[in-house]
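# Examination of the molecular architecture
Listed here are the chains, written in short residue letters.
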Amino acid sequence: MSATITISGWGEVKDLVKPIRVKVFVIEQNVPEELEWDEYDETAWHAVAKVNEQVVGTGRLILDQSKAKIGRMAVDKNCRGKGVGSEILKALINLGKEKGAQEFILHAQTHAIAFYAKEGFEPYGPIFDEAGIPHVEMRLYI
Ligand SMILES: CC(C)(COP(=O)(O)OP(=O)(O)OC[C@H]1O[C@@H](n2cnc3c(N)ncnc32)[C@H](O)[C@@H]1OP(=O)(O)O)[C@@H](O)C(=O)NCCC(=O)NCCS
């Protein structure tokens, strides 16, 4: 499945990003809605993946000089396992590289470790709880 990926600021895409994050994190994964939205959304870059004009996935990149944090990666349940998540992740890494990032970090839900490892991320440190879901930090050095 080939998706069209665009990356924009929050103001431009929040109306597209919010429904898919509610569907995946709040409804499917029971993340409390007050934890889903934070101050980083305003300053992050947001990827939107579309197939046939429908939003099927998202993810965000928070830049802090040479460091970048990837998060809120979500693909609609009906579209998983078809490469959309990888396309989003690659697009966010490429944007980070263009902006000068040399180190990428993320908090991976443990079930998704293999997904991030395919793009070169390595686990770092112990498993911890975030929003009631086990996570591990993963890092990618450019
Ligand atoms: C994690 C997620 C974004 C992956 O998106 P996706 O579109 O299904 O991933 P892709 O199809 O691009 O998968 C790329 C590769 O990673 C692997 N992969 C994907 N999800 C995986 C998972 N949960 N566990 C292990 N491997 C996984 C695939 O097998 C695929 O490998 P392949 O290229 O050899 O076939 C998606 O499963 C999702 O939205 N999950 C619910 C929300 C979530 O958990 N987000 C992550 C928060 S850290």
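Residues numbered from 1 in each chain as written. Predicted model: local features only at pLDDT ≥ 70, side-chain atom pairs only at ≥ 80, totals over all residues. Heavy atoms only, no water.

For the protein chain, the name recorded in an unreviewed UniProt entry is N-acetyltransferase domain-containing protein, with Polynucleobacter victoriensis as its organism.

## Notes on the packing of aromatic side chains
Under the defined criterion, the tally for this structure stands at 3 aromatic pairs. The interplanar angle of 65° and the centroid separation of 4.9 Å between the aromatic rings of F115 and Y116 together place this pair among those described as edge-to-face. One Lys or Arg, K18, reaches over the ring of W37 and ends 5.8 Å from the middle of that ring. Cation over ring: R139 sits above Y124, and NZ or CZ is 3.4 Å from the ring centre. (Phe/Tyr/Trp six-rings, centres within 6.5 Å; stacked < 30°, edge-to-face > 60°. Lys NZ or Arg CZ within 6 Å of the ring centre and 35° of its normal.)

## Let's talk about the site of the ligand
Around the ligand lies a shell of 21 residues, among which M73, V75, G83, G85 and H111 are the nearest. Q29 has a polar side-chain atom sitting 3.2 Å from an oxygen atom of the ligand. Note that an oxygen atom of the ligand is positioned 3.1 Å from one of the backbone N or O atoms of K82. At the level of secondary structure, the elements contributing two or more residues to the shell around the ligand comprise α1 (10–28), β4 (67–75), α4 (84–98), β5 (103–109) and α5 (113–117). For the shell around the ligand, the per-class residue count stands at 10 nonpolar, 8 polar and 3 charged. (Near = heavy atom within 4 Å. Polar contact = N/O pair within 3.5 Å; in protein donor to acceptor, adjacent residues only side chain to side chain. Helix = DSSP H or I, 4+ residues; strand = E, 2+ residues; numbered from the N terminus. Nonpolar A, V, L, I, M, F, W, Y, C, P; charged D, E, K, R; others polar.)

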